[in-house]
Amino acid sequence: MAAICFLFFGFYAIFFNLEEWAASEGFGIKGDTPEGFEVDLQGEVPKDAIRTFWLLSIMNASSTLGRLGSAYLCDHFGALNVHMTVTLLASLLTLILWTLTSTLAAGIAFVVLFGIISGSVIGLPPASVAYILGPGPHQQAKLGQWTGMMYTSAAAFALTGPVIAGYLISRFGNYYTVQGWSGGCLFVSACCMGLARVYAKNGRGREFITERKRRLSDGTLSMLKTLTVEKKNTEEN
């Protein structure tokens, strides 16, 4: 729950501020062309500039690959392991690649890479909860309850995170603030997922040992009962 709260704290601020950031860097053009008019943009902005909404569209389209690819990876490596890894990658892309981007080519590279990763980041929370619960039907019966609790707790963070990022931009006058805010929140989220992974693994280990002891105990009792019956039958004979 802590991991998803921090995730939502910083994740949506990237989408909300991407267009404004591109426009401020000079390779993005905001605003719509008036209907019925042909506007020649050459000379008004750099020749390689594009409409900023294309960046957001590319990022959202790229997320399809991340959502499909994460489903395959989760079957082989476990949902929480994949979720932790992609969240860490998202934080590094935000803190390093986004902050160093100053050209259109680098901007498109960022939105494509982050878009692919973001599809996994935002799509895997329920799968991670299922992974923590365990494979048993009795454990999976709690999936709806746990997922609802997780998203309910994260709702306030999803609402206030972009607002805080917007305040930081207006307060300090640059987009390094939102880049640091979003990247830092994603990094903390990945760390919380790592802790959840450790505790989930240890918990399953304890459950396995407890179950193993129970089975050994049951087997020992069964063997003793069998020996007792055989001894009794021998004495009677």
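First things first, this report covers the structure right here in the doc.

The rules we used
Residues numbered from 1 in each chain as written. Predicted model: local features only at pLDDT ≥ 70, side-chain atom pairs only at ≥ 80, totals over all residues. Heavy atoms only, no water. Helix = DSSP H or I, 4+ residues; strand = E, 2+ residues; numbered from the N terminus. Buried < 20%, exposed > 50% of the residue type's maximum accessible area, 1.4 Å probe, protein only. Contact = heavy atoms within 4.5 Å. Areas by Shrake-Rupley, 256 points an atom, 1.4 Å probe, with all protein chains shown as cover. 1 Å grid on protein atoms, 1.4 Å probe; cavity = no way out; pocket = protein on both sides within 12 Å on 5 of 7 lines; lining within 4 Å. Points joined across faces, edges and corners; volume = space filled by probe spheres on them. Nonpolar A, V, L, I, M, F, W, Y, C, P; charged D, E, K, R; others polar. Expected span 1.5 Å × (residues − 1). Phe/Tyr/Trp six-rings, centres within 6.5 Å; stacked < 30°, edge-to-face > 60°. Lys NZ or Arg CZ within 6 Å of the ring centre and 35° of its normal. Core = buried A, V, L, I, M, F, W, Y, C linked by side-chain atoms within 4.5 Å. Axes fitted to C-alpha atoms, helices over the stretch in contact; angles between N-to-C directions. Parallel < 35°, antiparallel > 145°, perpendicular 65-115°, else oblique. Disulfide = S-S within 2.5 Å.

**Topic: the overall build of the protein chain**
Looking only at helices and strands, the protein chain features eight helices and two strands. Going residue by residue from the N terminus, the α and β elements of the protein chain occur as α-β-β-α-α-α-α-α-α-α. Taken over 237 residues, the protein chain has a buried fraction of 37%. At a minimum sequence separation of 6, the contacts of the protein chain that also span at least 24 residues come to 76%. Carbon and sulfur atoms provide 65% of the accessible area of the protein chain, an area that totals close to 13,800 Å².

**A short note on the layout of surface pockets**
Estimated volume of the largest pocket: approximately 310 Å³. Around the largest pocket sit 16 residues that line it, and Met-1, Val-129, Ile-132, Met-150 and Ala-196 are the ones nearest its centre. Every element with two or more residues in the lining of the largest pocket is listed here: helix H1 (2–25), helix H3 (79–100), helix H5 (125–133), helix H7 (143–172) and helix H8 (176–236). When its residues are assigned to classes, the lining of the largest pocket shows 14 nonpolar, two polar and no charged.

**Looking at helix H2 (residues 52–77)**
The end-to-end C-alpha separation of H2 is 37 Å, in line with the 38 Å expected for 26 residues at 1.5 Å each. Taken together, the buried positions of H2 are Thr-52, Leu-55, Leu-56, Met-59, Ser-62, Ser-63, Gly-66, Ser-70 and Cys-74. On its buried face, H2 sits against H1, strand E1 (28–29), strand E2 (50–51), H3 and helix H4 (104–123). Two residues or fewer past H2, Gly-78 is found with a positive phi of approximately 95 degrees.

**Here we look at the packing of aromatic side chains**
In total, this model carries 13 aromatic pairs according to the counting rule given. Aromatic side chains Phe-8 and Tyr-12 sit 5.6 Å apart centroid to centroid with 55 degrees between the ring planes, which places their arrangement in the tilted category. With Phe-8 and Tyr-12 both in helix H1 and four residues apart, the pair spans about one turn of that helix. Counting every residue linked through ring pairs, the aromatic cluster contains Phe-8, Phe-11, Tyr-12, Phe-15, Trp-21, Phe-27, Trp-98, Phe-110, Phe-114 and Tyr-151. The ring of Phe-172 is capped by Arg-171, whose NZ or CZ atom sits 5.3 Å from the centre of that ring.

**With respect to the nonpolar core**
Most often, soluble globular proteins keep nonpolar side chains buried together rather than apart. Formed by 44 residues in total, the largest nonpolar core has its most connected members in Phe-11, Leu-18, Phe-110 and Phe-114. Broken down by secondary-structure element, the contributors of at least two residues to this core are H1, H2, H3, H4, H5, H7 and H8. Among the elements that make up this core, the one with the highest residue count is H1 (twelve residues). Setting aside chain neighbours within four positions, we find Phe-110 in contact with Ile-14, Leu-18, Met-59, Leu-93, Thr-94, Leu-97, Trp-98, Thr-101 and Gly-115.

**Some words on the packing of H2 against H3**
Packing of H2 against H3 leaves a shortest axis separation of 7 Å and a crossing angle of 125 degrees. On the basis of their axis angle, the class for H2 and H3 is oblique. Two secondary-structure elements touch here, H2 through Leu-73, Cys-74 and Phe-77 and H3 through Ala-79, Asn-81 and Val-82. For the contact of H2 with H3, a count of residues per class yields five nonpolar, one polar and no charged.

**Focus on H5**
Where H5 is concerned, the buried positions are Pro-125, Ser-128, Val-129, Ala-130, Tyr-131 and Leu-133. The positive-phi residue at the C-terminal boundary of H5 is Gly-134, with phi of around 105 degrees.

**Quick word on the side chain of Ser-91**
Within the secondary structure, Ser-91 sits in helix H3. Aside from chain neighbours lying at most four places away, what touches Ser-91 is Gly-183, Leu-186 and Phe-187.

**Considering the side chain of Thr-52**
Structurally, Thr-52 can be placed in helix H2. Judged by its relative accessible area of 2%, Thr-52 is buried. Once residues lying within four places of it in the same chain are set aside, the contact partners of Thr-52 are Glu-19, Ala-22, Ala-23, Gly-28, Ile-29 and Lys-30.

**Observations concerning the state of the cysteines**
All chains considered together, the criterion is met by zero disulfides. In this model Cys-5 remains outside any disulfide bridge; the closest cysteine sulfur is found in Cys-192, 9.2 Å from its own.

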